[in-house]
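# A closer look at the structure
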Amino acid sequence: MARRRKRKSRRRQEGRRILEMVPQYSIESGEDKPVTAARKFIHDKGITPPALLLVRRNEHTTDRYFWAEKGLFGAQYVEENHFLFPSLRASEDGTSKFSLTSSLR
């Protein structure tokens with residue numbers, strides 16, 4: 001039997017493209033839960049929104065979070081609903097405001 005390919009949402013693809021332009025930070029969760037580790041990292045480093053946090057839970061799993069003015073959100077939710085976030089609208093205009101990508105550990 002032929003296996004059907006999974007349909008890719010255009011809205012989610014657009015959101016993923018926009019999130020690629022936001023600064024990214026890679027961290028390890030350590031003993032904390034991933035969300036707690038992300039919140040502590042944001043507080044300690046004084047990160048301003050928008051930012052994408054890649055929290056490595058273990059060697060196989062990495063959780064993605066988006067730091068916005070409204071709070072911390074799962075990256076998948078933001079990809080699907082990027083139009084709800086005003087900080088991402090500035091990057092849609094084609095400006096390279098968020099083109100810098102940094103990785104801190």
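Shown above is the structure to which this text applies.
Let me sum up the structure you'll find in this document. Everything numeric here is computed off the predicted structure, so don't read it as measured data.

With that settled, consider the overall build of the protein chain. Within the protein chain one finds four helices and four strands. Overall, the protein chain shows an N-to-C arrangement of helices and strands of α-β-α-β-β-β-α-α. Within the span of the protein chain, comprising 105 residues, buried residues form 36% of the whole. For the protein chain, contacts bridging at least 24 residues in sequence account for 50% of all contacts bridging at least 6. Taken as a whole, the protein chain presents about 7600 Å² of accessible surface, with 47% of it coming from carbon and sulfur.

This brings us to helix H2 (residues 34-45). Helix length check: H2, at twelve residues, gives a terminal C-alpha distance of 16 Å against a target of 16 Å (1.5 Å per residue), a fit within 8%. Among all positions in H2, only Pro34, Ala37, Ala38, Phe41 and Ile42 are buried. Projected onto a plane normal to the axis of H2, the buried residues spread over an arc of 135 degrees and lie on a single side. Seen from the open side of H2, the exposed residues pointing more than 90 degrees away from its buried face are His43 and Asp44. Buried residues belonging to H2 abut strand S1 (24-28), strand S2 (51-56), strand S3 (62-68) and strand S4 (71-74). At the C-terminal side of H2, Gly46 shows a positive phi close to 65 degrees.

Basis of the calculations
Residue numbers here run from 1 along each chain, matching the order of that chain's written sequence. Under the rules for a predicted model, residues below a pLDDT of 70 receive no local features and side-chain atom pairs below 80 are neither given nor counted, while totals for whole chains, interfaces and linings still include all residues. Side-chain numbers here rest on the full set of heavy atoms in the structure, without hydrogens or water. Numbering of helices and strands runs from the N terminus; a helix is a DSSP stretch of H or I covering at least four residues, while a strand is a stretch of E covering at least two. Exposure is judged per residue with a 1.4 Å probe applied to protein chains only, and the accessible area is read against the type maximum: over 50% gives exposed, under 20% gives buried, and values in between give partly exposed. Any pair of residues with heavy atoms lying within 4.5 Å of one another is described as a contacting pair. Note that accessible areas follow from Shrake-Rupley with a 1.4 Å probe, and for residues the cover is restricted to the protein chains shown. The length a helix should cover is 1.5 Å for every residue beyond the first. What the arc describes is the spread of directions from the helix axis to the C-beta atoms.

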